[in-house]
There are 2 protein chains.
Amino acid sequence: MSTIEIEYCVPCGFLDRALTVEEAICRQFADQLERVSLVMGDHGVFVVRVDDEIVFDKADDDFDVDDIVRQVRSHVAAR
Amino acid sequence: MSTIEIEYCVPCGFLDRALTVEEAICRQFADQLERVSLVMGDHGVFVVRVDDEIVFDKADDDFDVDDIVRQVRSHVAAR
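The rules behind the values
- Residues numbered from 1 in each chain as written.
- Chains lettered and ligands numbered in written order.
- Predicted model: local features only at pLDDT ≥ 70, side-chain atom pairs only at ≥ 80, totals over all residues.
- Heavy atoms only, no water.
- Least-squares fit on C-alpha atoms with pLDDT ≥ 70 in both.
- Contact = heavy atoms within 4.5 Å.
- Buried area = accessible area lost by both parts, 1.4 Å probe.
- Salt bridge = Lys/Arg side-chain N within 4 Å of Asp/Glu carboxyl O.
- Disulfide = S-S within 2.5 Å.
- Phe/Tyr/Trp six-rings, centres within 6.5 Å; stacked < 30°, edge-to-face > 60°.
- Helix = DSSP H or I, 4+ residues; strand = E, 2+ residues; numbered from the N terminus.
- Buried < 20%, exposed > 50% of the residue type's maximum accessible area, 1.4 Å probe, protein only.
- Lys NZ or Arg CZ within 6 Å of the ring centre and 35° of its normal.
- Lys, Arg positive; Asp, Glu negative; His and termini not counted.

Undergrad: Teacher, can you tell me more about the relation of the copies chain A and chain B here?
TA: Put simply, the second copy of the chain is the first one after a rotation about an axis and a shift along it. Between chain A and chain B, which share one sequence, the superposing operator has a rotation angle of 180° and an axial displacement of 0.0 Å; the RMSD is 0.0 Å. Look at the turn and shift together and you get a two-fold axis relating the two. Residue A:Ser37 of chain A places its C-alpha closer to the rotation axis than any other residue of that unit, at 2.0 Å. Comparing interface residues between copies, 100% of those in chain A also lie at the interface in chain B; the contact surface is shared.

Undergrad: Which parts of the structure should I look at to understand the interface of chain A and chain B?
TA: Interfaces are often sized by the amount of accessible area the parts lose when they come together. Listed by partner, the interface residues are 20 residues for chain A and 20 residues for chain B. Carbon and sulfur atoms make up 57% of the surface buried where chain A meets chain B, a total of about 1,600 Å² over both sides. For chain A, the biggest contributors to the area lost against chain B are A:Leu19, A:Arg35 and A:Met40; these three give 29% of the whole. Where chain A packs against chain B, one counts four salt bridges. Among the ionic pairs, A:Asp16 bridges to B:Arg27, the shortest N-O distance being 2.6 Å.

Undergrad: Would you take a moment to explain the state of the cysteines for this structure?
TA: Linking two cysteines covalently via their sulfur atoms produces the bond known as a disulfide. Inspection of every chain in the model, using the stated rule, returns two disulfides over all chains. Linked covalently through their sulfurs, A:Cys9 and A:Cys12 form a disulfide whose S-S length is 2.3 Å. Its S-S torsion of about 70° marks the bond between A:Cys9 and A:Cys12 as right-handed, since a negative value means left-handed. No disulfide involves A:Cys26; its sulfur sits 13 Å from that of B:Cys26, the nearest cysteine.

Undergrad: What is the right way to read the packing of aromatic side chains from this model?
TA: How two aromatic rings sit relative to each other is set out by the distance from centre to centre and by the angle between their planes. According to the stated counting rule, one finds eight aromatic pairs over all chains in the structure shown. Relative to A:Phe63, the ring of A:Phe46 lies with its centre 5.4 Å away and its plane at 90°, an arrangement referred to as edge-to-face. Separated by 17 residues along the polypeptide, A:Phe46 in strand S3 (residues 46-50) and A:Phe63 in the loop between strand S4 (53-57) and helix H2 (65-77) bring together distant segments of the chain. A:Phe63 gets classed as partly exposed once you look at its relative accessible area, which sits at 28%. Pairing B:Phe56 with B:Phe63 gives two aromatic rings, centres 6.4 Å apart and planes at 80°, and the pair type is edge-to-face. Joined through ring pairs, the aromatic side chains of A:Phe14, A:Phe46, A:Phe56 and A:Phe63 make up one cluster. The side chain of A:Arg17 reaches across the aromatic face of A:Phe63, ending 4.7 Å from its centre.

Undergrad: Mind showing me how you'd approach the side chain of B:Asp57 here?
TA: Mapping B:Asp57 onto the fold places it in strand S4 (residues 53-57). At 7.8 Å, B:Arg49 is the nearest oppositely charged side chain to B:Asp57, a buried residue that forms no salt bridge.

Undergrad: Would you explain unusual backbone geometry in this entry?
TA: Of all residues except glycine, most have a negative phi; of all peptide bonds, most are trans. Within the chain, A:Asp52 stands out as a residue other than glycine whose phi angle is a positive 70°. For B:Asp51, which is not a glycine, the phi torsion comes out positive at approximately 50°. Tracing the backbone through its elements, the reader meets B:Asp51 in the loop between strand S3 (46-50) and S4. Accessibility expressed as a relative area gives 25% for B:Asp51, which makes it partly exposed.

Here it is, written out as structure tokens:
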């Protein structure tokens, strides 16, 4: 069972993106997960971690929900 | 800063309720929170905890988002 963190910049208004990603992840992988956390951040952060490993960082890649879900799938499936 | 857990029954299909509660909490209290977690559960569970203290349990009370938000507010504000 994996744990996922979605750290998002609160003042940037990234909550909607965080919720969109979280909902997609929960719908697809709930049976393989223990918890999915929204973590409040700032300074433009938007990072998704599976078991403390970064699978998406807005600083490195364009935001794409489907791509993030694919990244999560490959990491969750590897457990 | 507080942490919140929303434990929901996955097979019951309580994800939508969990997301609704989480979104309401994040919109109102993000500045006072460190993280909000969805925790996967079963057997009909729907429990909301603020810093490990139960503020809503579906086994005891009717589901009402506004009421849950009020409960969260009173516990977060008390920090």
